[in-house]
Each structure stands twice: as structure tokens, then as C-alpha cells.
Amino acid sequence: MVDNIVLWDLPFRRQLLPFTYTRPVGEIRIGILTIAEKYTKYLGGKVSCLPADYLQGKYPVQIEAQNILINANILPDEGFISAIKTLKEGEYLVEGRKFLGGNLSRHDVEKIVNGDSLNPGLATQYHSPVELNHIWGIFSLNEFELIRDFELITKGRKSQPIHPSNYVKNPEKIFIEEGAIVENASLNASGGPIYIGRDAEVMEGATIRGPFSLGEHSTVKLGAKIYGGTSIGPYCKIGGEVSNSVFFGYSNKGHDGFVGNAVIGEWCNMGADSNNSNLKNNYEEVKVWDYAKNGFTKTGLQFCGLFMGDHSKCGINTMFNTGTVVGVSANIFGGGFPRNFIPSFSWGGASGFTTYSMEKALDTAKRVMERRDISLTEKDIEIFKHIFEESKQYRNF
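Numbering of residues starts from 1 in every chain and runs along the sequence as written. Only residues with pLDDT of 70 or above have their local features reported here, since the model is predicted, and side-chain atom pairs are shown and tallied only from 80 upward, although totals for entire chains, interfaces and linings are computed over all residues. Hydrogens and water are ignored here; the side-chain numbers use all heavy atoms of the structure.

Hey, could you run me through the overall build of the chain in this one?
Going along the chain from the N terminus, every DSSP run of H or I of four or more residues is numbered as a helix, and every run of E of two or more is numbered as a strand. Across its full length, the chain holds seven helices and 35 strands. The reference for a compact globule is 2.2 Å times residues^0.38; the radius of gyration itself is calculated from the C-alpha atoms. Against the 2.2 N^0.38 benchmark of 21 Å for 397 residues, the chain shows a C-alpha radius of gyration of 21 Å, consistent with a compact globule. Its C-alpha atoms give the chain principal-axis dimensions of roughly 60 × 55 × 45 Å. Buried residues in the chain amount to 56% of all 397 residues. Residue contacts are counted whenever heavy atoms from the two residues lie within 4.5 Å of one another. In the chain, 47% of the contacts between residues at least 6 apart in sequence involve partners at least 24 apart. Carbon and sulfur atoms make up 49% of the accessible area of the chain, which amounts to about 16600 Å² in all. Each charge class in the chain was averaged separately, 41 positive and 44 negative side chains, and the resulting centres sit 3 Å apart. Relative accessible area decides the class of each residue, using a 1.4 Å probe on protein chains only: under 20% of the type maximum gives buried, over 50% gives exposed, and in between gives partly exposed. Residue-level accessible areas treat just the shown protein chains as cover; the underlying method is Shrake-Rupley with a 1.4 Å probe. Two residue types count as positive, namely Lys and Arg, and two as negative, namely Asp and Glu; His and chain ends fall outside the count. Charge positions come from single atoms, namely NZ of Lys, CZ of Arg, CG of Asp or CD of Glu.

For this particular structure, what's the right way to read the sheet that holds strand β6 (residues 123–125)?
Strand pairing is defined by DSSP finding a minimum of two bridges between the two strands. Spatial strand order, β2-β1-β3-β5-β4-β6: six strands in an open sheet with mixed pairing. Each of the sheet's edge strands pairs with one partner strand only, and the pair in question is β2 (46–50) and β6. In this sheet, neighbouring strand axes are inclined to one another by 25° on average, regardless of whether the strands run parallel or antiparallel. For every element, the axis is a line fit to its C-alpha atoms; helices are fit only across the contacting stretch, and the angle between N-to-C directions ranges from 0 to 180 degrees. Packing of helix α1 (residues 35–43) onto the sheet brings it into contact with β1 (4–8), β2 and β3 (66–71), and relative to β1 it is tilted by some 150°.

When you look at the packing of aromatic side chains in this model, what are you seeing that I'm missing?
Two aromatic rings from Phe, Tyr or Trp, using only the six-membered ring of Trp, form a pair when their centres are within 6.5 Å; if the ring planes differ by under 30 degrees the pair is stacked, by over 60 it is edge-to-face, and anything between is tilted. Across all of its chains, the model carries 20 aromatic pairs by this definition. A centroid spacing of 5.3 Å and a plane angle of 55° characterise the contact between F19 and F248, whose relative ring orientation is tilted. Taken together, the residues span a long stretch of sequence, with F19 in the loop between β1 and α1 and F248 in strand β20 (residues 246–249) at a distance of 229 residues. For the residue pair F19 and F248, the accessibility class agrees, reading buried in each case. Geometrically, the ring pair formed by F175 and Y195 is stacked, given 6.2 Å between the ring centres and 15° between the ring planes. One end of the pair, F175, is in strand β8 (residues 174–176); the other, Y195, is in strand β11 (residues 194–196), and 20 residues separate them in sequence. Ring-pair connections join several aromatic residues into one group, and the members of that group are Y21, W289, Y291, F296, F341 and Y394. Comment: the charge-over-ring label is applied if NZ (Lys) or CZ (Arg) is within 6 Å of the ring centre and within 35 degrees of the ring normal. The ring of F388 carries R395 above its face, with NZ or CZ at 4.4 Å from the centroid.

I keep staring at helix α7 (residues 378–390) and nothing clicks. Help me out?
What a helix is expected to span follows from its residue count: subtract one and scale by 1.5 Å. Here α7 spans 18 Å end to end across 13 residues, near enough to the 18 Å set by a 1.5 Å rise per residue. All buried positions along α7 are accounted for by D380, I381, I383, F384, I387, F388 and E390. Those residues of α7 that are buried are in contact with β35 (352–355) and α6 (358–370).

Help me understand helix α2 (residues 78–85), please; the structure alone is not making it clear to me.
Every α-helix winds through 3.6 residues per turn, so residues three or four apart in the chain are directed the same way. Along α2, the positions that sit buried rather than exposed are F80, I81, A83 and I84. When α2 is viewed along its axis, its buried side chains cluster within an angular range of 160° and face the same direction. Tucked into the core, α2 has its buried residues touching α1, β3, β4 (92–95) and β5 (98–105). Working note: the arc is built from the helix axis to C-beta atom directions.

Can you walk me through the sheet that holds strand β16 (residues 225–226) in this structure?
Within a beta sheet, neighbouring strands are joined by backbone hydrogen bonds and run either parallel or antiparallel to one another. On the basis of which strands lie adjacent, the open sheet formed by six strands has the order β7-β10-β13-β16-β19-β22 and parallel pairing. The sheet is open, and its two borders are formed by β7 (167–169) and β22 (258–260), each paired with just one other strand.

Help me understand the nonpolar core in this model?
Taken as a class, soluble globular proteins show a tendency for nonpolar side chains to be buried jointly. What is meant by a nonpolar core is a set of buried Ala, Val, Leu, Ile, Met, Phe, Trp, Tyr and Cys residues, joined one to another through side-chain atoms within 4.5 Å. Counting residues in hydrophobic clusters, the biggest one holds 65 residues, and the most contacted among them are L7, Y39, I70 and F307. Excluding its chain neighbours within four sequence positions, the residues that come into contact with F307 are F19, I135, W136, F139, V263, V288, T324, V325 and V326. Among the nonpolar cores identified, the runner-up in size contains 37 residues, and I176, F212, C236 and V242 belong to it.

Next up, the structure:
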């Protein structure tokens, strides 16, 4: 089989903003793994992403003479992977007229990316597996994906021993990687598996209900309360109460406060006692800002919390209303509820916003990343500059 896999995300980028401002669709974490990591586990070979042009400096695409091209918002399962593996050169899968994936030459990849048609005689109709079409799908599909990823990662492997000081239910569904420390905690996997990554730590008094995953080098702090359907990426610090939420990585919610039905990007920080609402007082369906529609749209959900793009921060005691969308590199503080769409590079809160200057935003990002021994590169700076210009239309302060 062709071993060069390309995840194409341009058709879906705007639907998944603000998270795709700073990454390809394939780098979104849902479950334990990112979408690209899922395809690597299933297919092996080389997986790269075909994102917007301004992201290709940081995320270079690799297109070869023959490629497996897949729509990046498709969350793979065994059936879809089997169908992809059986494709001969030039053949591809569609659902109706929508391209799903194909075994394509460099020329055919260029054709479809440019909006041209492929040979219809080589198309096979296929009912698409689960797709990630909206930002709220990241948390609403997370439990399903977490359970599937757990089986994918742990199959045929043996967990590190569970320390006897822990309170444990359903230990066969708990997997602890090498170097992780989990002592004097409550681990209840009766509702779904619990995965603890390499060199992670669950501090004493923490209460965790599965399905749950904790990424490598991340920490669940003293007395934290974590409900099912929650995924914490690598290098995070998590405290307080968290329910059905996804933290991509390198982000901190280290103190008390509630985050629920939420998605938090990378390099975010939530001040002590910050909270988000995830249910309207009148129990109505939640609407959120939709970049693709350039307006608010119905989610079909009664429970929907906070979406925070990379490098955004909020001060202590910040309150977020139901269905709030925060862009990239926003800095939010002060009393009261801020607006429920906060554009990228916003500075302020309920009393009003101004533009967060590029120079100050970059200085903050540089300091934050250096604390984790990671440098803010020229490629990162170019991405910041592009987002600043692209998001300017929303900063009508």
C-alpha cells in the first residue's frame, strides 16, 4: 500500500476556527490522539497535513508520486481504513459528490485541491464514518473517540502497576504508562477507560471518572474533580472541576473553578476561580459564533461551554457565558460576563475591549513558551502576524 498519507483540511478550516488559525485540522486533538496520530496508528507510513498556505512553513506537506489523500475531518475507524487500503491507483471514495479519500497521483492531488473533477469511473460510494464538522464536535465526540483511542493504544500492551494507595474501580480499564505517578487518588473506570500518559502525575486526593486521558508530563492537581469525556493533552496542569472538556496541550487551569463542555487550545492559562457556564438559565439550545457563517449559529446542544484559541489567557475570577468563543492570543480580565465572541488579539473584559498589540502578544508568547524550554520561532511569528491581519475584521471595538 502507498505509505505517504496527506490529510487535506482546506474545505473545513473555517468551520473549525479558532483552532485552525494555528494548526491544520489534522493536528486537532480529539480523544487521546490528534487526528494525524490516529492515521499514523492505523496506516503507518508518513502522515503530513495540507493546510492553509500560511501554515505550511510550520507544517510542511509532503506530496509524492503516489499518495493517500484523505479529508482531514474524517475520524477514522476500521471500516474506513480497510476501504482506503483496498484502493488501487487512481481510485477514490465519495459520499454523494463529496470526496472522502483516494489513492492519488501528484497530478490528481493538485486537481482536487484546485477544485477540478477526478475521473468519475474510478469513484466508489462510501458512507463516511464520523466527521468533525464544528468546534463543538471536539467535546461532544470526545468520549466516543477516547474509548476508541484507548483500545488502539493499549491493545496487546501491559499497564504499569496501579499503586495500592489508590481507590480503584474496574482496574482492567485503567492503563498507566511508564514514569507516571498516581497515588492516593480515586480512579473510577466503570463508565469508561482511564489512560495516564508517560511521566504524568495525578496528585493525591484527585477524583477521576472515565473515560479520561492525561497526556505525557501533565499534572492533575490536589483534590481535582474530573468527570468523564475529558482529555488532557501533554504538558498541562489541571485543577478544580472539569467535565467533558478537551485541553490540546501546554495549557494550565491550575486552580479551583469549573470548566465544562469546553475546548481549550495550546498555551492558554485560566486564572484562579475562573468558570464557564455550560447551560443557559432557560435551558434553551446554545448558539455559538461560527466563522464560516460570520455569525452565530445553533449547535443543537443544551450543554455547551467555552472555546478558547491558542495563547489566550484569562485573569482570576473570570466568568464566561454559555457558548463563548475566544480567538487566538486574547487577554481577558475583570468582573462581569464579557461578550460571548471575543476576537483574536482582544484585550479587556465586560467593560470593553481594545486591540492587544502584536508586540505585547509576541512578548507574552515568548515568555510563556520559554518556561517550557520551547522557542517562539520565526515561523510562529509569521503565523501570529497572519492571524492578526485575518482577524482584524472582527475587532470593531
